[in-house]
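Observations on the three-dimensional arrangement
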Amino acid sequence: MSISRSSLLGDLDVEVSLDAQIGASTWFGIGGRADILACPRTESSLIELAARCRDQGVPVRVLGGGANLLVDDGGVDGVVVQLNHEHFKTIRYTANGDITSARVGAGVNLFDLVQETKRRGLHGFEMMAGIPGTAGGGVRMNAGGAWGQLSDCLKTVSMVALDGTHHVFDAETLGFRYRGSDLPHGIITECIISLQEDDPIKVSDLVKKIFQHKKSTQPMADHSAGCAFKNPVDPSTGRQMSAGALIDKADLKGRSIGGATVSNQHANFIVTNTGASATDIRRLIDEIRDEVLSRMGITLEPEVVIWKRSDQA
């Protein structure tokens, strides 16, 4: 696709990088480039950029912290938007009795938000301890774990639709569920979360407990995008099953293709080694799915998002 950069980006308040190495900035640390990486400095520029991309038929993808993303070795076309300007990285707190609302920009780092709410003695966000990424990405995938998910404290979501219109949604209307929601396509710009005032020591102790548990059970020191697969539902009981346990039962711990390996510490993590490629990871994902389906009759759905050139964004 031929894109006229002057008509698309020329007069907007947007930082632009061409042939940007976005794969290296993901948590896997590998993968291809983006033809155009655009970082708007204002919401009005983001709105206009989205409208122009729609009018010109240019696909738009949103890059958060790259925590659950694999960029194909061949890179991606269209425009990749990243909200890493300070305008999208602010947090504003409003107290009402013992309840505090935090208006959080989509570019805010989840680790930083956990630390900030912990310091303020605000309870309700501890479940995000040890989960990488940005607030926008966390909302999009309803990130979480055994202690809860982001939607537990989420009140509203603001976003720019891909036609350039701005919307604010009540979280209760969005059908949030395990690793998903009915949130429409678009670019999340901020969210509001509701937190409870509590003893800072108590909050800090819970954050520490959660983080230490993850550190002891997950390969946090390795290059990995977190869980490779969503936990499936047992078709016979309707109960959620552990994807990691299924992969382990299929004797796939330590299985490697090229520089990609199933972690020996947690079977639902794929880690990369020197010389790994995105193709290695994709092939290993396919092999894991085939083996688990063949041995257990369960179809695993990737939690890792895979970007490929010419795919519908």
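So, a few notes on the structure that sits alongside this text. (Residues numbered from 1 in each chain as written. Predicted model: local features only at pLDDT ≥ 70, side-chain atom pairs only at ≥ 80, totals over all residues. Heavy atoms only, no water.)

Helices and strands together make up the secondary structure of the protein, namely 7 helices and 18 strands. Compactness check: the protein gives a C-alpha radius of gyration of 20 Å against a globular reference of 20 Å for 313 residues, within 12% of the reference. Viewed in the frame of its principal axes, the protein has a C-alpha envelope of about 55 × 55 × 35 Å. When burial is assessed residue by residue, the protein has 48% of its 313 residues classed as buried. Surface summary for the protein: the accessible area is close to 14400 Å², and the carbon and sulfur share equals 47%. For the protein, the centre of its 32 positive side-chain charges and the centre of its 38 negative side-chain charges are spaced 3 Å apart. (Helix = DSSP H or I, 4+ residues; strand = E, 2+ residues; numbered from the N terminus. Rg over C-alpha atoms; globule rule 2.2 N^0.38 Å. Buried < 20%, exposed > 50% of the residue type's maximum accessible area, 1.4 Å probe, protein only. Areas by Shrake-Rupley, 256 points an atom, 1.4 Å probe, with all protein chains shown as cover. Lys, Arg positive; Asp, Glu negative; His and termini not counted. Charge placed at Lys NZ, Arg CZ, Asp CG, Glu CD.)

Counted according to the given criterion, the structure contains 0 aromatic pairs. We note Arg120 situated over the ring of Tyr93; from NZ or CZ to the ring centre the distance is 3.8 Å. (Phe/Tyr/Trp six-rings, centres within 6.5 Å; stacked < 30°, edge-to-face > 60°. Lys NZ or Arg CZ within 6 Å of the ring centre and 35° of its normal.)

Right, let's get into the sheet that holds strand E17 (residues 269–272). Within the open sheet, the 4 strands sit side by side as E14-E17-E16-E15. Their pairing is antiparallel. One side of each edge strand has no neighbouring strand; the edge strands of this open sheet are strand E14 (223–227) and strand E15 (256–257). Where E15 meets strand E16 (residues 260–262), 2 bridges bridge the pair, whose relative direction is antiparallel. Its bridge partner lying in E16, Ile257 is registered against Ala260. Helix H7 (residues 278–296) rests against E15, E16 and E17 of the sheet, and its axis sits at about 30 degrees to E16. (Pairing = 2+ DSSP bridges. Contact = heavy atoms within 4.5 Å. Axes fitted to C-alpha atoms, helices over the stretch in contact; angles between N-to-C directions.)

A separate point is the sheet that holds strand E1 (residues 14–20). Spatially, the 4 strands line up as an open sheet ordered E1-E2-E5-E3, and their pairing is mixed. At either end of the open sheet lies a strand with only one pairing partner, and these are E1 and strand E3 (60–63). Strand-to-strand twist in this sheet, taken as the mean axis angle between neighbours without regard to direction, amounts to 25 degrees. Bridge count between E1 and strand E2 (residues 34–40): 6 bridges; the pairing is antiparallel. Counted as the bridge partner of Val14 is Pro40 from E2. Across the face of the sheet, helix H2 (residues 43–56) comes into contact with E1, E2, E3 and strand E5 (76–82) while running at roughly 145 degrees to E2.

On the secondary structure map, Thr134 appears in the loop between strand E8 (122–123) and helix H4 (135–141). Accessibility expressed as a relative area gives 12% for Thr134, which makes it buried. Every residue in contact with Thr134, bar those within four places of it in the chain, is listed here: Gly64, Gly65, Ala106, Gly107, Val108, Asn109 and Leu110.

Tracing the backbone through its elements, the reader meets Ser256 in strand E15. When the C-alpha atoms of Ser256 and Asp280 are compared, they prove to be 8.6 Å apart, with 24 residues separating the residues in sequence. A polar contact is formed between the side chain of Ser256 and the side chain of Thr261, at a distance of 2.7 Å. (Polar contact = N/O pair within 3.5 Å; in protein donor to acceptor, adjacent residues only side chain to side chain.)

Take the pattern of salt bridges next. Taken as a whole and judged by the stated rule, the model has 21 salt bridges. A salt bridge links Arg52 to Glu48; the shortest N-O distance between them is 2.8 Å. With Arg52 and Glu48 both in helix H2 and 4 residues apart, the pair spans about one turn of that helix. Looking at Glu48, the relative accessible area reads 33%, which means it is partly exposed. Among the salt bridges present, the one from Arg103 reaches Glu190, with a minimum N-O distance of 2.7 Å. In this pair, Arg103 sits in strand E7 (residues 99–105) while Glu190 sits in strand E13 (residues 187–197), placing the two residues 87 residues apart along the sequence. A single network of salt bridges, built from pairs that share partners, joins Asp251, Arg255, Glu287, Glu291 and Arg295. (Salt bridge = Lys/Arg side-chain N within 4 Å of Asp/Glu carboxyl O.)

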